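Residue-level structure breakdown
Listed here are the chains, written in short residue letters.
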Amino acid sequence: IGNLYVGQNELEDGLNYLNRAVKMYEKDGNTAGAAYALSWIADMYNDKGDPKCKMSKVHCVEQNKQKALTTYLQVLELWKADNNNSGAAKTCRSIASAKRDQGDLESAFDYASKALQLYESMKTKDGIGSTSNLLANIVYDKGNVKLAKTYADKGMEMGNVLGNPNLIQSASKILKKIYIKQNDYKGALAMEELSIKMRDSISNETT
C-alpha cells in the first residue's frame, strides 16, 4: 500500500504505511522485511523527497539526499546482519550513488567497489553491469579517464551479454564523455547514436 501511494505521488500516505510496515517487521523479528521497507523509504527520499520538509527547495533537496543516505546505511547494517549479499550489494550501490551526489567521490568509490565485489562473487551480471557504469562515472569525475573507460567497457559488455538497453544506454553515455575527453569524436558520435537508439528502445518497451 505504501509503495502504491508513493507511485501516485501521495508521499505522506506512502511514508506512513511504509513506516508502519517497518515497525511490524521489527516486532516480528523479520530483518529482511524491515530492510526492504526501509529501502523503499530511502528510495522515496532520494527520488521524490520528504513530504514533511517545509524549507526552501534547495534545502529540502539537500535534506532529502541526506535522509536517503542515512536510511540506506541503516539498511546495509540489516542486510549484513541477515547475511544477505544481494541486498548488501544493491544498498552499497545506492550509498555510492548518494555519496557521489554529495561530491564525496572517495567514499562513493569505496562503496561502489564493495558492491561490484559482491556482485562478482554472486556472478550477478546485471549488478556487475550497473555498478561498473556507476564506477565509470565516479572515476571519470575524479579525473581518471583511462580507468573510467575500463569500467564503462565492462558495463557495456554486460549490457550486450544480457541484451539490456538500460545498461547499454548508461555505458554509452559515459563512454561518449570519455571519447570526447580523448579527442575521439568518431567514437563519441557512435556512442551518442547508440544512446539514442537505446533510449528509443526503452521508450517503446515502456509504451
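Provided above is the structure to which this section pertains.
Okay, so let's go over this structure. Here the residue numbers are simple positions, counted from 1 along each chain's written sequence. Predicted model: local features are reported for residues with pLDDT of at least 70 only, side-chain atom pairs are reported and counted for 80 or more only, and whole-chain, interface and lining totals are derived from all residues. The basis for every side-chain value is the complete set of non-hydrogen atoms in the structure, without hydrogens or water.

1. A few points about the overall build of the chain
Helix numbering and strand numbering both begin at the N terminus, where a helix is a DSSP run of H or I of at least 4 residues and a strand a DSSP run of E of at least 2. Counting secondary structure elements, the chain contains ten helices and zero strands. Each helix and strand of the chain, ordered N terminal to C terminal, gives the series α-α-α-α-α-α-α-α-α-α. In terms of overall size, the chain behaves like a compact globule, its C-alpha atoms giving a radius of gyration of 18 Å where 207 residues would be expected to give roughly 17 Å. Projecting the C-alpha coordinates of the chain onto the three principal axes gives extents of approximately 55 × 40 × 35 Å. Note on exposure labels: buried denotes an accessible area under 20% of the residue type's maximum, exposed denotes more than 50%, and partly exposed covers the range between, all computed with a 1.4 Å probe on protein chains only. Counting over 207 residues, the chain shows a buried share of 42%. Across the chain, the fraction of contacts at a sequence separation of at least 24, relative to all contacts at a separation of at least 6, is 52%. Total accessible area on the chain is roughly 11600 Å²; 49% of this is exposed by carbon and sulfur atoms. Where the 28 positive side-chain charges of the chain centre and where its 25 negative ones centre are 2 Å apart. Taken over C-alpha atoms, the radius of gyration is set against a globule rule of 2.2 Å times the number of residues to the power 0.38. By definition in these notes, contact holds between two residues if any of their heavy atoms fall within 4.5 Å. Residue burial considers only the protein chains on display, and all accessible areas are found by Shrake-Rupley using a 1.4 Å probe. Only four residue types enter the tally: Lys and Arg on the positive side, Asp and Glu on the negative side; His and the chain ends are excluded. Where a charge lies is defined by one atom per residue type, namely NZ (Lys), CZ (Arg), CG (Asp) and CD (Glu).

2. Comments concerning the packing of aromatic side chains
Put simply, two rings from Phe, Tyr or Trp (the six-membered ring, in Trp's case) pair if the centres are within 6.5 Å, and we call them stacked under 30 degrees between planes, edge-to-face over 60, tilted for the rest. According to the stated counting rule, one finds three aromatic pairs in the structure shown. Geometrically, the ring pair formed by Tyr-5 and Tyr-17 is stacked, given 5.7 Å between the ring centres and 20 degrees between the ring planes. Here the residue Tyr-5 occupies a position in helix H1 (residues 2-7), and Tyr-17 occupies one in helix H2 (residues 11-28), the gap between them amounting to twelve residues. Overall, Tyr-5 belongs to the partly exposed group, its relative accessible area being 23%. Here Tyr-36 and Trp-79 contribute two aromatic rings whose centre-to-centre distance is 5.0 Å and whose plane-to-plane angle is 80 degrees, an arrangement assigned as edge-to-face. In this pair, Tyr-36 sits in helix H3 (residues 31-47) while Trp-79 sits in helix H4 (residues 57-81), placing the two residues 43 residues apart along the sequence. We classify Trp-79 as buried; its relative accessible area is 3%. Three or more aromatic residues link up through ring pairs in this structure, and these residues are Tyr-36, Trp-40 and Trp-79. As a reminder, the over-ring test applies to NZ of lysine and CZ of arginine, requiring each to be within 6 Å of the ring centre and within 35 degrees of the ring normal. Sitting over the ring of Tyr-111, Lys-114 keeps its end group 4.9 Å from the ring centre.

3. Quick look at the state of the cysteines
In what follows, a disulfide is any cysteine sulfur pair within 2.5 Å. One pass over the full model with this rule turns up one disulfide. The residue that forms a disulfide with Cys-53 is Cys-60, at a sulfur-sulfur distance of 2.1 Å. On the sign convention where negative means left-handed, the S-S torsion of about -100 degrees between Cys-53 and Cys-60 marks this disulfide as left-handed. Each member of the pair, Cys-53 together with Cys-60, is buried.

4. Comments concerning H3
Between its first and last C-alpha atoms H3 spans 24 Å; for 17 residues at 1.5 Å apiece the expected length is 24 Å, and the two agree. Taken residue by residue, H3 has Gly-33, Ala-34, Ala-35, Ala-37, Leu-38, Ser-39, Ile-41, Ala-42, Met-44 and Tyr-45 as its buried positions. On its buried side, H3 packs onto H1, H2 and H4. Backbone geometry just after H3 places Gly-49 at a positive phi near 95 degrees. Any helix carries an expected span of 1.5 Å times its number of residues minus one.

5. Quick look at the nonpolar core
Grouping buried Ala, Val, Leu, Ile, Met, Phe, Trp, Tyr and Cys residues that are joined through side-chain atoms within 4.5 Å yields what is termed a nonpolar core. Residues Ile-41, Tyr-151, Leu-175 and Ile-178 are the most contacted members of the largest nonpolar core, which totals 53 residues. Apart from residues lying up to four places away in sequence, Ile-178 is in contact with Tyr-140, Val-145, Ala-148, Lys-149 and Ala-152.

6. Focus on the packing of helix H7 (residues 125-142) against helix H9 (residues 165-181)
Closest axis-to-axis distance for the H7/H9 pair is 10 Å, and the angle between their directions is 25 degrees. For the element pair H7 / H9, the angle class is roughly parallel. Of the two elements, H7 crosses H9, and the hand of that crossing is left-handed. The segment H7 lies against H9, with Asp-126, Gly-129, Ser-130, Asn-133, Ala-136, Asn-137 and Tyr-140 engaging Leu-167, Ser-170, Ala-171, Ile-174, Lys-177, Ile-178 and Lys-181. Each residue belonging to the contact of H7 with H9 can be placed in one class, and the counts come to six nonpolar, five polar and three charged. Only the contacting stretch of a helix is used when fitting its axis, a line to C-alpha atoms as for every element, and angles between N-to-C directions run 0 to 180 degrees. What sets the label is the angle itself: under 35 degrees gives roughly parallel, over 145 gives roughly antiparallel, 65 to 115 gives roughly perpendicular, and the rest give oblique. Helix crossings fall into two classes, left-handed where the near helix is turned counterclockwise from the far one by less than a right angle and right-handed where it is turned clockwise. All amino acids are sorted into three groups, where Ala, Val, Leu, Ile, Met, Phe, Trp, Tyr, Cys and Pro are nonpolar, Asp, Glu, Lys and Arg are charged, and the leftover types, Gly among them, are polar.

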